[in-house]
Amino acid sequence: MTHNVIQLAVIDMAGTTVADDGLVVKAFDSAASAVGLPASGHDREHARQYVLDTMGQSKIAVFRALFGDESRAQQANLAFEKAYADLIDSGEAHPIPGAAEAITNLRSAGVKVALTTGFSAVTQDKLLAALGWHSLADLTLAPGDGVRGRPYPDLILTALMRLEADGVGNVAALGDTANDIDSALRAGCAIAAGTLTGAHTEQQLRDAGATHVVSTVTEFADLALQFR
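This write-up is about the structure you can find in this document. Small disclaimer: the values here were computed from a predicted structure and weren't measured. (Residues numbered from 1 in each chain as written. Predicted model: local features only at pLDDT ≥ 70, side-chain atom pairs only at ≥ 80, totals over all residues. Heavy atoms only, no water.)

1. Brief notes about the overall build of the protein
At step 1: Counting secondary structure elements, the protein contains 10 helices and 8 strands.
At step 2: Taking 17 Å as the expected radius of gyration for a compact globule of 228 residues, we find that the protein reaches 17 Å, a close match to that expectation.
At step 3: Overall, the protein is about 55 × 35 × 30 Å in size when its C-alpha atoms are taken along their principal axes.
At step 4: Here the protein holds 228 residues, and 54% of them are scored as buried. (Helix = DSSP H or I, 4+ residues; strand = E, 2+ residues; numbered from the N terminus. Rg over C-alpha atoms; globule rule 2.2 N^0.38 Å. Buried < 20%, exposed > 50% of the residue type's maximum accessible area, 1.4 Å probe, protein only.)

If you want it as structure tokens, here you go:
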């Protein structure tokens, strides 16, 4: 067993370890068009803002809230996943500088690492493949059967159980959105940190209750290793 207080780091992907560069909004616009949302005007702007406000949540849950019926939500989600996968294939996915090194440093110090996402497992797998990250973390997790996405605590608690951390007080979580913070607080993490490399501002992260706000995942790794 590791001697670190923090035994497990649960880290978000898009916006936290992977630069978003507007890819989620681009993919959403494709999805919105696929389900017949007007290309401009109030409805499109409202929907786009909702996507920004709910960054970090499971995408199918976002589309259910936006479009109301299950069929339309599923259609939008499929279009979103395809558009995002196409953006990955075109080389538009890039790691946050120092992210891979930070994860490697955590693992070298005995801290297990889980990479989590609000995307489907299929899209997460494509993203990992594009980055060459399949063996980077101890575990990768996406919402699915029996595992709800953020803001619920399921991804973090599932990682805790699968990677056998002693308790929630030995877990540090990092994300770039208020929903990441909410999920970490619901799970009872010792560290519920927000990073400034993604969707939400420092004020939004602090308003959500972040225990720490860091500039990058590199600073988070240092925090987790020094936590007492």
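Next comes the rest of the account.
2. Details of empty space enclosed by the protein
At step 1: In total, this model carries 1 cavity of 30 Å³ or more according to the counting rule given.
At step 2: Looking at the largest cavity, its volume works out to about 70 Å³.
At step 3: Forming the walls of the largest cavity are Val10, Ile11, Asp12, Thr116, Arg150, Leu155, Ile156, Ala173, Leu174, Asp180 and Ser183.
At step 4: With 3 residues, strand β1 (residues 8-12) is the single largest residue contributor to the lining of the largest cavity. (1 Å grid on protein atoms, 1.4 Å probe; cavity = no way out; pocket = protein on both sides within 12 Å on 5 of 7 lines; lining within 4 Å. Points joined across faces, edges and corners; volume = space filled by probe spheres on them.)

3. Observations regarding the pattern of salt bridges
At step 1: Counted under the stated rule, the structure contains 13 salt bridges.
At step 2: Measuring nitrogen to oxygen at the nearest pair gives 3.1 Å for the salt bridge that ties aspartate 12 to arginine 150. Here aspartate 12 is found in strand β1, whereas its partner arginine 150 is found in the loop between β5 (139-141) and α7 (154-163), with 138 residues between them in sequence.
At step 3: With relative accessibility at 6%, the residue arginine 150 sits in the buried group.
At step 4: For the salt bridge of arginine 48 with aspartate 29, the shortest nitrogen-to-oxygen distance reads 2.9 Å. (Salt bridge = Lys/Arg side-chain N within 4 Å of Asp/Glu carboxyl O.)

4. Some remarks on the environment of histidine 134
At step 1: Among the structural elements, histidine 134 can be located in the loop between α6 (121-131) and β5.
At step 2: By relative accessible area, histidine 134 is classed as partly exposed at 46%.
At step 3: When residues no more than four places from it in sequence are discounted, the contact partners of histidine 134 are Asp125, Leu128 and Ala129.
At step 4: Here the side chain of histidine 134 touches aspartate 125 through a polar contact of 2.7 Å, side chain to side chain. (Contact = heavy atoms within 4.5 Å. Polar contact = N/O pair within 3.5 Å; in protein donor to acceptor, adjacent residues only side chain to side chain.)

5. Describing the side chain of threonine 54
At step 1: Tracing the chain through its elements places threonine 54 in the loop between α2 (42-53) and α3 (59-67).
At step 2: In this view, threonine 54 contacts Val62 and Asn179; residues no more than four positions away in its chain are not counted.

6. Remarks on the packing of α3 against helix α4 (residues 70-89)
At step 1: Interhelical geometry of α3 versus α4 gives an angle of 135° and a closest axis separation of 8 Å. By the angle class used here, α3 and α4 are oblique. The crossing of α3 and α4 is right-handed. Residues Lys59, Ile60, Phe63, Arg64 and Phe67 of α3 form the contact with α4, whose participating residues are Glu70, Arg72, Ala73, Gln74, Ala76, Asn77 and Phe80.
At step 2: Residue composition of the contact of α3 with α4, by class: 6 nonpolar, 2 polar and 4 charged. (Axes fitted to C-alpha atoms, helices over the stretch in contact; angles between N-to-C directions. Parallel < 35°, antiparallel > 145°, perpendicular 65-115°, else oblique. Left-handed = near helix turned anticlockwise from the far one by under 90°. Nonpolar A, V, L, I, M, F, W, Y, C, P; charged D, E, K, R; others polar.)

7. Quick notes on the pairing of β1
Along a regular strand, successive side chains alternate from one face of the sheet to the other.
At step 1: Burial analysis of β1 places 5 of its 5 residues in the buried class, the great majority of the element.
At step 2: Both faces of β1 are covered, namely the face carrying Leu8, Val10 and Asp12 and the face carrying Ala9 and Ile11.
At step 3: Both β1 and strand β4 (residues 112-116) contribute to a ladder of 5 bridges, which runs parallel. Bridging across to β4, alanine 9 finds its partner in valine 113.
At step 4: Relative to strand β6 (residues 171-175), β1 runs parallel, the two being bridged by 4 bridges. (Pairing = 2+ DSSP bridges.)

8. Thoughts on the side chain of arginine 150
At step 1: At a separation of 3.1 Å, a polar atom in the side chain of arginine 150 contacts the side chain of aspartate 12.
At step 2: Side-chain polar atoms of arginine 150 contact the side chain of aspartate 180, separated by 2.8 Å.
At step 3: The residues contacting arginine 150, other than those within four sequence positions of it, are Asp12, Gly56, Gln57, Ser58, Thr116, Thr117, Gly118, Leu155, Asn179, Asp180 and Ser183.

9. Points about the packing of aromatic side chains
At step 1: A full pass over the atoms with the stated rule returns 6 aromatic pairs.
At step 2: On the basis of an interplanar angle of 10° and a centroid distance of 6.0 Å, the ring pair of phenylalanine 63 and phenylalanine 67 is categorised as stacked. Of the two residues, phenylalanine 63 and phenylalanine 67 both sit in helix α3, 4 residues apart, roughly one turn of that helix. Like phenylalanine 63, the residue phenylalanine 67 is buried in the burial classification.
At step 3: Taking 6.0 Å as the distance between ring centres and 40° as the angle between the ring planes, the aromatic pair formed by phenylalanine 80 and phenylalanine 119 counts as tilted. With a gap of 39 residues between them, phenylalanine 80 in helix α4 and phenylalanine 119 in the loop between β4 and α6 connect regions that are remote in the sequence. Neither phenylalanine 80 nor phenylalanine 119 differs from the other in exposure class; each is buried.
At step 4: Within the aromatic cluster, the residues linked to one another by ring pairs are Phe28, Phe63, Phe67, Phe80, Tyr84 and Phe119.
At step 5: Over the ring of tyrosine 152 we find arginine 186, and its NZ or CZ is 5.4 Å from the ring centre. (Phe/Tyr/Trp six-rings, centres within 6.5 Å; stacked < 30°, edge-to-face > 60°. Lys NZ or Arg CZ within 6 Å of the ring centre and 35° of its normal.)

The quantities given are spatial measurements derived from coordinates; they are silent on function.
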